[in-house]
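# Reading the structure
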Protein chains: 2
Amino acid sequence: MNREEVKKWQRVCKEYLDRAGIILTPQEAGSIEIADLGLDEFEQTGLGLVVYVNTERVCAKELVLLPGQTCPQHFHPKVDDAPGKEETFRCRWGEVYLYVSGDPTPNPKAQPPAHRAANYTVWHEIVLKPGDQYTLMPETWHWFQGGPEGAVVSEFSTRSTDENDLFTDKEINRLPEIED
Amino acid sequence: MNREEVKKWQRVCKEYLDRAGIILTPQEAGSIEIADLGLDEFEQTGLGLVVYVNTERVCAKELVLLPGQTCPQHFHPKVDDAPGKEETFRCRWGEVYLYVSGDPTPNPKAQPPAHRAANYTVWHEIVLKPGDQYTLMPETWHWFQGGPEGAVVSEFSTRSTDENDLFTDKEINRLPEIED
């Protein structure tokens, strides 16, 4: 993705955060992370992120999902001696469909991008509407998708080390470089 | 405080959260914690709390402060081998005046309740408006007060163990019983 596209999606994400009533400083608004995971299919696979804090012990973020946009299947492994990342997702606006290990849900609300469907193997569905939340314990495979209007989701977690995340889809690169 | 008063303040806190655009489930709204710290001077000293999650590793809350209401000076000590609680305050609505150790600020915006002033010994001021945040490392003495319209503040932290908090004011009881 080039810088101009990043700026465009930052503006779009800011509009979603506005709808959720979430106030950012101008500096935060100008540095919303547009994560396309190196696939260059941002409207299908990816998400926007505002990282409020990420210390050795605590991390808090806002996540923005476009309508039908998918954050692909991944998990957070142990890093050295530290247990994997634990995270709570709380829906603030819109609707999000979260999938984790467990009994597959018949007729799930989300479908992953068709050309990447083979990488989606966990199908226990949790539907989160505003005020709903779900806590994922470490080393739980999971993926999630924005509903028909998209979603804004707060994430409360232990330290985030995105570079360690393991994705099912081997084409994914969590930290690609932005092109000039 | 009796149950009727608790219910009244829960409704008031819910109105502040509504203004901040924060959506609660009905169950959450009905169980907002009204912490008067055993002083029975809630409008002067205390706060409202919604605890979203509090696991072994992560805690996230919303805090509600009435206009001029003070959360009194305290710190979070080590518990067994665990380092003290680390917390980030992010203002969502209104204005909050936070005081921590360090150079005293001349002409501070807040004044603690006069009859308890002797218990307030840290005076380095941080003013937080919507979108502003501040991270407190463990074992930092701190207190804070809602501005003229009150405040809604998100707190992202490590595990919260309120029963271990140390207050300067020895009349305080963090977990008093509600009277019938």
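Criteria and thresholds
- Residues numbered from 1 in each chain as written.
- Chains lettered and ligands numbered in written order.
- Predicted model: local features only at pLDDT ≥ 70, side-chain atom pairs only at ≥ 80, totals over all residues.
- Heavy atoms only, no water.
- Helix = DSSP H or I, 4+ residues; strand = E, 2+ residues; numbered from the N terminus.
- Rg over C-alpha atoms; globule rule 2.2 N^0.38 Å.
- Buried < 20%, exposed > 50% of the residue type's maximum accessible area, 1.4 Å probe, protein only.
- Areas by Shrake-Rupley, 256 points an atom, 1.4 Å probe, with all protein chains shown as cover.
- Lys, Arg positive; Asp, Glu negative; His and termini not counted.
- Charge placed at Lys NZ, Arg CZ, Asp CG, Glu CD.
- Contact = heavy atoms within 4.5 Å.
- Buried area = accessible area lost by both parts, 1.4 Å probe.
- Salt bridge = Lys/Arg side-chain N within 4 Å of Asp/Glu carboxyl O.
- Polar contact = N/O pair within 3.5 Å; in protein donor to acceptor, adjacent residues only side chain to side chain.
- 1 Å grid on protein atoms, 1.4 Å probe; cavity = no way out; pocket = protein on both sides within 12 Å on 5 of 7 lines; lining within 4 Å.
- Points joined across faces, edges and corners; volume = space filled by probe spheres on them.
- Pairing = 2+ DSSP bridges.
- Least-squares fit on C-alpha atoms with pLDDT ≥ 70 in both.
- Disulfide = S-S within 2.5 Å.
- Phe/Tyr/Trp six-rings, centres within 6.5 Å; stacked < 30°, edge-to-face > 60°.

### Concerning the overall build of chain A
Counting its secondary structure elements, chain A contains two helices and nine strands. Its helices and strands in sequence order give chain A the pattern α-α-β-β-β-β-β-β-β-β-β, from N to C terminus. In summary, chain A has a C-alpha radius of gyration of 15 Å against a globular reference of 16 Å for 180 residues, a match within 12%. Projected onto the principal axes, the alpha-carbon positions of chain A cover approximately 45 × 40 × 35 Å. Looking at the 180 residues of chain A, the share that counts as buried comes to 56%. As displayed, chain A has an accessible area near 8200 Å², and 48% of this comes from carbon and sulfur atoms. Computing the positive centroid from 18 side-chain charges and the negative centroid from 31, chain A places the two 4 Å apart.

### A short note on the interface of chain B and chain A
Taken together, the contact between chain B and chain A spans 31 residues of the former and 31 residues of the latter. The contact between chain B and chain A buries some 2200 Å² in all, and 52% of this surface belongs to carbon and sulfur atoms. Linking chain B with chain A are four salt bridges. One salt bridge in this structure joins R92 of chain A and E62 of chain B, with 3.3 Å as the shortest N-O distance. Taken together, the links from chain B to chain A amount to 16 residue pairs in polar contact (both at pLDDT 80 or more). Counting only elements with at least two residues in the side of chain B that touches chain A, the list comes to β2 (47-54), β3 (59-65), β5 (87-100), β7 (133-136) and β8 (142-157) of chain B. Take the side of chain B that touches chain A: its biggest share by element is three residues, from β5 of chain B.

### Quick look at the layout of surface pockets
Once rolled over the atoms, a probe with the size of a water molecule shows which space is left empty. Counted as a void, the largest pocket has a volume near 640 Å³. Residue lining of the largest pocket: 29 residues in total, with E56, R57 and T158 of chain A together with R57 and T158 of chain B positioned closest to the centre.

### Let's talk about the pairing of strand β5 (residues 87-100) of chain A
All names here are of chain A. Along β5, 14 of the 14 residues are buried, which leaves the element largely enclosed by surrounding structure. As paired strands, β5 and strand β7 (residues 133-136) are joined by four bridges and run antiparallel to one another. Across the sheet, residue T88 finds its bridge partner in β7, namely T135. Bridge count for β5 against strand β8 (residues 142-157) is twelve bridges, and the pairing is antiparallel. Bridging across to β8, T88 finds its partner in F156.

### Things to note about the relation of the copies chain B and chain A
Superposing chain B onto chain A takes a rotation of 180° combined with a translation of 0.0 Å along the rotation axis, leaving an RMSD of 0.0 Å. On the angle and the small slide along the axis, the relation comes out as a two-fold axis. Nearest to the rotation axis, the C-alpha of G21 of chain B is located 2.7 Å from it, this being the minimum over chain B. A share of 100% of the interface residues of chain B reappears at the interface of chain A, consistent with the copies meeting face to face through the same patch.

### Considerations on the state of the cysteines
Each disulfide consists of a covalent bond between the sulfur atoms of two cysteine residues. Residues and elements named next belong to chain B. Overall, the coordinates contain zero disulfides over all chains when judged by the stated rule. C71 forms no disulfide, and the closest cysteine sulfur to it belongs to C13, at a distance of 13 Å. Unpaired in terms of disulfides, C91 finds its nearest cysteine sulfur in C71, a separation of 15 Å. Given a relative accessible area of 1%, C91 falls into the buried group.

### Description of the packing of aromatic side chains
Counted under the stated rule, the structure contains 19 aromatic pairs over all chains. Ring geometry for F156 of chain A versus Y52 of chain B: centroids 5.7 Å apart, planes at 10°, classification stacked. Of this pair, F156 of chain A sits in strand β8 while Y52 of chain B sits in strand β2, placing the two residues on different chains. The structure contains a cluster of three or more aromatic residues connected by ring pairs, namely Y52 and F156 of chain A together with Y52 and F156 of chain B.

### Remarks on the pattern of salt bridges
When the charged atoms of two side chains lie near each other, side chains of opposite charge can form a pair. Residues and elements named next belong to chain A. Tallied over the entire structure, the rule returns 23 salt bridges over all chains. The partner of E87 in a salt bridge is K85, and the shortest N-O contact between them spans 2.7 Å. What makes K85 buried here is its relative accessible area of 8%. Because the salt bridges share partners, they merge into one network encompassing E41, R116, D169 and E171.

### Regarding the pairing of strand β2 (residues 47-54) of chain A
Within a regular strand, side chains alternate between the sheet's two faces. All names here are of chain A. Of all eight residues in β2, six are buried, a share of seventy percent or more. The pairing of strand β1 (residues 33-35) with β2 spans three bridges and is antiparallel. Within β2, the position partnered with A35 by the bridge is L47. Relative to strand β3 (residues 59-65), β2 runs antiparallel, the two sharing six bridges. In the sheet register, V50 faces β3, and the bridge partner there is E62. Remark: four residues form the turn of the hairpin made by β2 and β3, two consecutive strands paired antiparallel.

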